[in-house]
Each structure stands twice: as structure tokens, then as C-alpha cells.
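Next come the chains, spelled out residue by residue.
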Amino acid sequence: MIKIALDRISKQYDRKTVLSRISLTVEAGELLSLLGPSGTGKTTLLKILAGLEEADAGDILFDGQSVRRLPPEKRKAVLVFQDYLLFPHLTVGENVGFGLKMAKQSASAVRTRVSEMLQLVQLSGSENKYPRELSGGQKQRVALARALAIEPRVLLLDEPFSNMDVLLRHSMQELVFAIQRKLKITTILVTHDWAEALMFSDRVAVLDNGVVQQVDIPERVYRNPASLKVAQLFGTSVNYI
């Protein structure tokens, strides 16, 4: 399990500040939700953690060691997007084993690991299917299995349930968070669904306009919002004094 520390991370695009001196700690094995409206820098922060974007300033520490200069494959922080990004010309088994193959693991080791991961996400027997033959929920499970196959140190989830209907979203949430608890992998979930954040997170970090507004356990963020902006995120009827 890895402890993550973000130290004054900043990022601009075309002179517009997207992230402003973000400092945040995620404890080893914790599931922390990044909650906030669209366009507030949540996905950008995940990409910086994964090494897909470069921060303009600040540092990223995994267990006290800086990883800011490490390429993505050396960080072992995998990012699962809401759009699955499966390879359409590869089977489910080939998609799940892709990272292992790139790491030059033996064919037998890849087959064993693929079988383990598909069993974990409840898709055993689907190795030879193609993405076009799968439902949206099945595609998301394949994307999750592919991410977990390489035994990442950090799991980054970018609104993975937003394209699903209500019933499928609920079952996928239960499955994904059960897997996270079982593997005890340090996880950051980006969401704008406050109910999801409150229900499944160990802690919630509220991000707005590129700034962390509040970080706390779900109940305290809900009952004791630190600002008007945080209170408004929850969409409940309240009296403002």
C-alpha cells in the first residue's frame, strides 16, 4: 500500500489556472473521492498523478519518494477512464493482458493473471469475446481488470460510472469498491456525484476552481461544510445564515 502526498501542485493551460498549489495526502489503502463540478481540475490532477500530464510546479510523493520525473510505467499508478478505451481489435483476454505483454511476461504468466483478473471482476469465460460483444458494464469491468492486472500501486478512477443507467451504476459501484477493499489499493475517485462520494469514500476532498475547499470524512463534509461553495455542491434544501 502506498501513501500519496501532493505538494503544492499547480497547472495552467493557455495562461488559465486549472490547479492552484494543491496540497493533499491520501493514506495507504485509503479511498479518497475528489468531488466537484465539471471543469474544476479533477481529471487534470489524476493525469498528473498518473504521469500523463506534467505539473507546472509542485511535487508528487509516493511513500515519501518523488515520482514527478518518473514516466507513467515506472509509477504504476493506473488511470481508468469513463470511456473504457479498450482496444476494439483485441479480445477481452488480450485487452486485460496487454500491459503484462508489454512488460514481457511469459505467455503462461499472462494467461494465469488474465484468468485471475476476469474471475475477480466476475467475467470468467469471456476471454475470447471482443469489446463490441460486451455491455457497457462489462466493458468497464474489462477496463478495471486490465488496470489491476499489472498490480498497480495506485488506482485512479475518472468518473467510471457516469455513462451507466442507475441500476447498472449501483451494481458496478458495489463491485469496484468491494475489489478496492479486498486489494487494499490506494485509490482516488473523481466524481461529481456527491451521493457516491459520501457512500463509498474514506474521505472526501472538495475541489472547486482549482483549489481544495475542504478535506474530511464524508459525514463532516456533509454536516459541516467549510464554505458556501461546499454546501451548494450537495444540492440539498438548506437555510443560509
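One structure accompanies this document, and this report is about it. (Residues numbered from 1 in each chain as written. Predicted model: local features only at pLDDT ≥ 70, side-chain atom pairs only at ≥ 80, totals over all residues. Heavy atoms only, no water.)

Structural notes on the sheet that holds strand E1 (residues 4-13)
Inclusion rule: Pairs of strands are assigned from DSSP output, requiring at least two bridges between the strands. Each helix is a run of H or I in the DSSP string that is no shorter than four residues. Each strand is a run of E no shorter than two, and both are numbered from the N terminus.
Read across the sheet, four strands follow the order E2-E1-E4-E5 without closing on themselves; strand pairing throughout is antiparallel. The open sheet has two edge strands with one neighbour each: strand E2 (16-26) and strand E5 (65-66). Two strands pair when backbone bridges link them, and E1 and strand E4 (residues 57-62) are joined in this way by five bridges, in the antiparallel orientation. Looking across to E4, one finds that Ser-10 is bridged to Ala-57.

Here's the deal with the packing of aromatic side chains
Test applied: In this analysis, rings of Phe, Tyr and Trp, with Trp reduced to its six-membered ring, are considered paired at centre separations within 6.5 Å, and the interplanar angle assigns stacked below 30 degrees, edge-to-face beyond 60, and tilted for intermediate values. Think of it in three bands: with a 1.4 Å probe and only protein chains considered, a residue is buried below 20% of the maximum accessible area for its type, exposed above 50%, and partly exposed in between.
Enumeration according to the criterion identifies four aromatic pairs in this entry. Ring centres of Phe-87 and Phe-98 lie 4.7 Å apart, and the angle between their planes is 50°; on these two criteria the pair is classed as tilted. With a gap of eleven residues between them, Phe-87 in the loop between strand E6 (77-80) and helix H3 (92-96) and Phe-98 in helix H4 (residues 98-102) connect regions that are remote in the sequence. When its relative accessible area of 28% is taken as the criterion, Phe-87 is described as partly exposed. Classification of Phe-98 by relative accessible area gives partly exposed; the value is 30%. Taken together, a centroid distance of 5.9 Å and an interplanar angle of 70° make the contact between Phe-161 and Phe-177 edge-to-face.

A look at unusual backbone geometry
Within the chain, Arg-21 stands out as a residue other than glycine whose phi angle is a positive 50°. Mapping Arg-21 onto the fold places it in strand E2. Judged by relative accessible area, which is 55%, Arg-21 ranks as exposed. Positive phi, close to 55°, is recorded for Asn-209, a residue that is not glycine. Mapping Asn-209 onto the fold places it in the loop between strand E9 (203-208) and strand E10 (211-216).

A look at the packing of helix H5 (residues 107-120) against helix H6 (residues 136-149)
Note the following rule: Interaxial angle, 0 to 180 degrees, is taken between N-to-C directions of lines fitted to C-alpha atoms, where a helix line uses only the stretch in contact. Working rule for angles: under 35 degrees goes down as roughly parallel, over 145 as roughly antiparallel, 65 to 115 as roughly perpendicular, anything else as oblique. Crossing handedness follows the turn of the near helix against the far one: under a right angle anticlockwise gives a left-handed crossing, and clockwise gives a right-handed one. In this analysis, two residues are considered to be in contact whenever any of their non-hydrogen atoms come within 4.5 Å of each other. The residue classification treats Ala, Val, Leu, Ile, Met, Phe, Trp, Tyr, Cys and Pro as nonpolar and Asp, Glu, Lys and Arg as charged. All others, Gly included, are polar.
With their axes 9 Å apart at the nearest point, H5 and H6 run at an angle of 135° to one another. The orientation of H5 relative to H6 falls into the category oblique. Viewed along their axes, H5 and H6 form a crossing whose handedness is right-handed. Counted together, Arg-113, Met-117 and Leu-120 of H5 and Ala-145, Leu-148 and Ala-149 of H6 form the full contact between these two elements. Tallied by class, the residues present in the contact of H5 with H6 amount to five nonpolar, no polar and one charged.

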